[in-house]
Amino acid sequence: MPWVNGRRQAVQPQQQRQLQHAPFISPTGGWVSAVNFAAAVPGTARVCENWFPTTTGLRLRAGSQVYATTGTTPLESAMAYIGGTVREMFAANDGDIYDVTTPADPDVVPTPVVTGQTSNYYSYANFSTVGGNFLTAVNGTDLLLLYDGTDWTPIDDSSTPAITGVDTNLLSHVNVYRNRQWFVEKDTLNIRYLPIDSIGGAIETLTVAGVFKRGGSVLFTATWSMDAGDGLDDKFVVVSTEGEVAVYQGSNPSDPTDWSLVGRYDASPPLGKNAYTQVGGDLLILTEIGIIPMTAIQAKDPSALALAAVSRNIQPDWIQDARDRRAFPWEVVKWTSRNIAFISCPTSNPNERWCYVVNLETNAWAKYTGWDTRCLVLHEDQVYFGTSDGTLLQAEVTGNDSGQPIYHTYVGHAEHLGAVGRYKTVMQARANFRVTYPIAPQISVSANYEIQLPAPPNAGPEPEGAGVWDGALWDVATWDSGAEFTTQRVGWVSIGKSGDSHALQVQVTSGQTPTPMAELILVEVTYDPGGFVV
């Protein structure tokens, strides 16, 4: 003991540092890359691959399986016919169109219903008249095709029905607005339209040559239903290849008292003629700088549109992918019953295949890797996508991707655990899930803003037992896929990761037959806060 003023003094022993406890809430805010890594909002993810952000947690995505085969070349278009109680689906590749509504064998190419086409990239619309329900399809190089529920008929000026006043092989896009079919004349500034409630007749012309100022041509037209339905406030939207947008109101361009230009606006070049969708009371357009709503295009300066993008949270990744994947047109499909939208990110690189996914209720984003989405379609309330090798896959089914395992990877944003710049050590972690059968997650931590993922874990075993009657969620749980939803707490695992900041990582590998039904709720950690308590 030391001597002080001639007397020996006792020294109080230093207390051991006490471990602290911290919760990491599940990232219901989804994937966010447009943020300073040191200032991210809690409840968001730096990496969110093959997880889907719900309002209550982060669920494992389901897999995909081959539904139909149309050959070995890229399947570029899928079309859904809606004719009263009849629902049919068609797919186009290699100059042919196939009926893939109920394929006899998903691995055998069926007999095509249309042959000899020179393009496989279609725009289509369902249209009803007193004569029946029709699907109109155009591609800009072949004659317009009209499907009546039984036969596909090429339409020209001598067919039945006939369209006169234009060579229909020049029509590249079709849209329905105010009970008319409207067409884009490829590589021009001309829009063509038929009489009301008609699938044939003399076609008229509306030109935007005096409206658009940046050159290019009309890429597509769309209906902007501002009240989320058909009504008097609907607007007619014309979008050019250069990103100019013209908005009209009225129903008959031939009548000056019933047609007027609302305005011309500047946006960003769109990513394809099918790269738009209606959500609620807004029209969303996929552009090079993000998904831009029409309300923002109409109200904001072009320089501010990126900040108003629906895809603002993933802006750096969106802009990079839009630049790298411009060779192929993008598409979007809205799965209303599940509040999900899928955005294709087509590529020829087999090692970089993914699509974007967004929760339409919360605007939380995720990335689904391993999906080769050349085209998308919603049929009978199921989503399907065409691939580069000529197959049509059903999405969000089974627990694997056509027999291949799914690697679910979540990396959170950095947490400073209450002390910015202080050196700390995460000692242990445990996770809480809602599951229908036990899973085998792997929990780890990275430090100092660097992602340091271990190798993915092995897939868990096939679950045993069947669903409990009245225990699974109706129309969400899959019968015979496991037990009712229960809480699974994964026990404490050793971490031992030191640094100024820490990011949580959760990895799961699924390869089972049933759909994986697990939702991450919370991860808890214990950590050494650094320093000493005296």
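See the structure above.
The numbering scheme is per chain: residues are counted from 1 as the chain's sequence reads. Confidence filtering applies because this is a predicted model: local features only for residues at pLDDT of at least 70, side-chain atom pairs given and counted only at 80 or more, and all residues used for totals across whole chains, interfaces and linings. Note that water and hydrogens are dropped before the side-chain values are worked out from all heavy atoms of the structure.

Student: Can you walk me through the overall build of the chain in this structure?
Tutor: Only DSSP runs of H or I covering at least 4 residues are called helices, and only runs of E covering at least 2 are called strands; the numbering of each starts at the N terminus. Scanning the chain for helices and strands turns up two helices and 40 strands. Overall, the C-alpha framework of the chain stretches about 115 × 55 × 40 Å when taken along its three principal axes. Across the 534 residues that make up the chain, the buried fraction comes to 53%. For the chain, the proportion of contacts with a sequence separation of at least 24, taken over those separated by at least 6, is 63%. Asp and Glu are treated as the negative residues and Lys and Arg as the positive ones, with His and the ends of the chain left uncounted. The atom standing in for a charge is NZ when the residue is Lys, CZ when it is Arg, CG when it is Asp and CD when it is Glu. The positive charge centre, built from 32 side chains, and the negative charge centre, built from 54, are 15 Å apart in the chain. Three exposure classes are used, based on accessible area relative to the maximum for each residue type with a 1.4 Å probe and protein chains only: buried under 20%, partly exposed in between, and exposed over 50%. Pairs of residues are marked as contacts when any of their non-hydrogen atoms sit within 4.5 Å.

Student: Looking at this structure, how should I read helix α2 (residues 315–324)?
Tutor: Each full turn of the α-helix corresponds to 3.6 residues, which orients residues three or four apart in the same direction. Here α2 has its buried residues at Gln315, Trp318, Asp321 and Ala322. Seen end-on, α2 carries its buried residues on one side only, within an arc spanning 135°. Facing away from the buried side of α2 by over 90 degrees, the exposed positions are Arg323 and Asp324. Summarising the contacts, the buried residues of α2 are in contact with β26 (282–287), β27 (290–293), β29 (340–344) and β30 (354–359). In this description, the arc belongs to the directions extending from the helix axis to the C-beta atoms.

Student: Before we go on, may I ask you to explain the layout of surface pockets in this structure?
Tutor: Empty space among the atoms becomes apparent when a probe as large as a water molecule is rolled across them. We place a 1 Å grid over just the protein atoms. Points where a 1.4 Å probe fits but has no way out form a cavity, open points with protein on both sides within 12 Å along at least 5 of 7 lines form a pocket, and any residue with an atom within 4 Å of a point lines it. Grid points are joined across faces, edges and corners, and a volume is the space filled by probe spheres set on the points. Approximately 1400 Å³ is the volume attributed to the largest pocket. For the largest pocket, the lining is made up of 44 residues, of which Tyr124, Ala125, Asn126, Tyr276 and Thr277 are closest to its centre. Contributions of two or more residues to the lining of the largest pocket are made by β8 (77–83), β11 (123–129), β16 (171–177), β21 (218–224), β25 (276–279), β28 (332–335) and β32 (375–379). Here the lining of the largest pocket gets six residues from one element, more than from any other, and that element is β11.

Student: Just to check I follow, could you spell out the environment of Pro441 for this structure?
Tutor: Mapped onto the fold, Pro441 is located in the loop between β36 (424–435) and β37 (442–447). Each C-alpha atom, one on Pro441 and one on Ser510, is 9.8 Å from the other, the two residues being 69 residues apart in sequence. Sequence-distant contacts of Pro441, that is, excluding residues within four places in its chain, are made with Phe433, Val490, Val506, Gln507 and Val508.

Student: Hey, could you run me through the sheet that holds β21 in this one?
Tutor: Sheet strands pair via backbone hydrogen bonds, and the direction of the pair is either parallel or antiparallel. Read from one edge of the open sheet, four strands run β21-β22-β23-β24, paired in antiparallel fashion. The outermost strands of the open sheet, each flanked by one partner alone, are β21 and β24 (259–266). Adjacent strand axes in the sheet meet at a mean angle of 20° when their direction is disregarded. Taken together, the seven bridges between strand β23 (residues 244–250) and β24 define a ladder with antiparallel strand orientation. The partner of Tyr248 across the bridge, within β24, is Leu261. When DSSP finds two or more bridges between a pair of strands, those strands are recorded as paired. Comment: axis = line fitted to C-alpha atoms, over the contacting stretch for helices; angle = value between 0 and 180 degrees taken between N-to-C directions.

Student: Is there a simple way to think about unusual backbone geometry in this case?
Tutor: With glycine set apart, most residues show a phi of negative sign, and most peptide bonds adopt trans. A cis amide bond links Thr160 with the next residue in sequence, Pro161, at an omega value of -5°. Along the chain, Pro161 falls in the loop between β14 (152–155) and β15 (163–164). Phi is positive for Asp187, close to 60°, though the residue is something other than glycine. Mapped onto the secondary structure, Asp187 falls in the loop between β17 (180–185) and β18 (190–193). Its identity as a non-glycine residue notwithstanding, Asp381 has a phi of 60°, on the positive side. By the secondary structure assignment, Asp381 is in the loop between β32 and β33 (382–386). On the basis of relative accessible area, Asp381 is assigned to the partly exposed category, the value being 38%.

Student: So what exactly am I meant to see when it comes to the pattern of salt bridges here?
Tutor: Between side chains of opposite charge, a pair can form when the charged atoms approach closely. Any carboxyl oxygen of Asp or Glu within 4 Å of a side-chain nitrogen of Lys or Arg constitutes a salt bridge here. For the coordinates displayed, the defined rule picks out 11 salt bridges. Across the salt bridge formed by Asp401 and Arg61, the nearest N and O atoms sit 2.7 Å from each other. On the criterion of sequence distance, the pair formed by Asp401 in the loop between β34 (391–395) and β35 (406–412) and Arg61 in the loop between β6 (58–60) and β7 (64–69) is long-range, its members being 340 residues apart. The salt bridge partner of Arg353 is Asp372, with a shortest N-O separation of 3.7 Å. Taken together, the residues Arg353 in the loop between β29 and β30 and Asp372 in the loop between β31 (364–369) and β32 connect sequence positions 19 residues apart. In the salt-bridge network here, residues are joined through shared partners; they are Arg214, Glu244, Arg264 and Asp266.

Student: Before we go on, may I ask you to explain the sheet that holds β34 in this structure?
Tutor: One open sheet holds the four strands; their spatial order is β7-β34-β33-β32, and the pairing between them is antiparallel. The sheet is open, and its two borders are formed by β7 and β32, each paired with just one other strand. On average, adjacent strands in this sheet sit at an angle of 30° to one another, irrespective of strand direction. Judged from the five bridges that link them, β32 and β33 form a sheet pairing that is antiparallel. By the bridge assignment for β33, Val377 is matched with Tyr384.

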